[in-house]
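What follows is each chain in one-letter form.
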Amino acid sequence: MGKPVISAEVRLEATAIVEAFNAKVYKGSADLYYIPRFQGSFLYLDRKEYRNTSPVARLKYTGDINKWEFAIFKWSRETYDPDERFFPGAEFLNGTIEGAMKAGIEAYPV
């Protein structure tokens, strides 16, 4: 069986989740917010931080909008690490997009 494909419907739902999180947490800031990117079976969560955009996490779609596999971006190797679980914010990881964004805020505070 192949990798689950992120359908257009799931992309729209995931984007809406990110936008709702941005509105709630960042209060509609034009300088600080998450940006979703999709490639294959992955949702990349980048964060706009004033003049910079930085990678935070990569989520792998499992076929369930509430059960993503998480990989944090590690600056030391400039790659995503799905095995890293010891970082500030890891306690928020629960398979959801929101949990991943909360973890990203703790792991990489602005």
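In short, a report on the structure.

The rules behind these values
Residues numbered from 1 in each chain as written. Predicted model: local features only at pLDDT ≥ 70, side-chain atom pairs only at ≥ 80, totals over all residues. Heavy atoms only, no water. Helix = DSSP H or I, 4+ residues; strand = E, 2+ residues; numbered from the N terminus. Buried < 20%, exposed > 50% of the residue type's maximum accessible area, 1.4 Å probe, protein only. Contact = heavy atoms within 4.5 Å. Polar contact = N/O pair within 3.5 Å; in protein donor to acceptor, adjacent residues only side chain to side chain. Expected span 1.5 Å × (residues − 1). Arc of directions from axis to C-beta. Pairing = 2+ DSSP bridges. Axes fitted to C-alpha atoms, helices over the stretch in contact; angles between N-to-C directions.

1. Looking at the side chain of S54
Tracing the sequence through the fold places S54 in strand β3 (residues 52–60). A relative accessible area of 12% means that S54 is categorised as buried.

2. Here's the deal with the environment of N22
On the secondary structure map, N22 appears in helix α1 (residues 8–25). With a relative accessible area of 10%, N22 lands in the buried category. Between the C-alpha atoms of N22 and I35, which are 13 residues apart in sequence, the distance is 9.2 Å. Residues in contact with N22, not counting those within four places in the same chain, are K27, G28, Y33 and Y34. A distance of 2.9 Å separates a polar side-chain atom of N22 from the backbone nitrogen of Y34.

3. Quick word on α1
Taking 1.5 Å as the rise per residue, α1 with 18 residues should run 26 Å; its terminal C-alpha atoms sit 26 Å apart, in good agreement. Looking only at α1, the buried set comprises V10, A14, I17, V18, F21 and N22. The buried residues of α1 all sit within an arc of 135° when viewed along its axis, so they share a single face. α1 presents A8, E9, L12, E19 and K24 as exposed residues on the side facing more than 90 degrees away from its buried surface. Those residues of α1 that are buried are in contact with β1 (32–39), β2 (42–49) and α2 (97–107). Note on α1: the residue one or two positions beyond its end, K27, has a positive phi of about 50°.

4. Here's the deal with the sheet that holds β1
Pairing within the open sheet is antiparallel, and its 5 strands lie in the order β1-β2-β3-β4-β5. Across the chains shown, the open sheet's two edge strands, defined by having one partner strand only, are β1 and β5 (79–81). The sheet shows a mean angle of 30° between the axes of neighbouring strands, taken without regard to direction. The strands touched by α1 are β1 and β2; relative to β1, the strand with the most contacts, the crossing angle is about 170°. Sitting on the sheet, α2 touches β1, β2, β3 and β4 (69–74), and the angle it makes with β2 is about 40°.

5. Let's talk about the environment of Y61
For Y61, the position within the fold is in the loop between β3 and β4. C-alpha of Y61 to C-alpha of R47: the two residues are 14 residues apart in sequence and 20 Å apart in space. Setting aside chain neighbours within four positions, we find Y61 in contact with P4, V5, I6, V10, S41 and W68. A polar contact is formed between the side chain of Y61 and the backbone oxygen of G63, at a distance of 3.3 Å.

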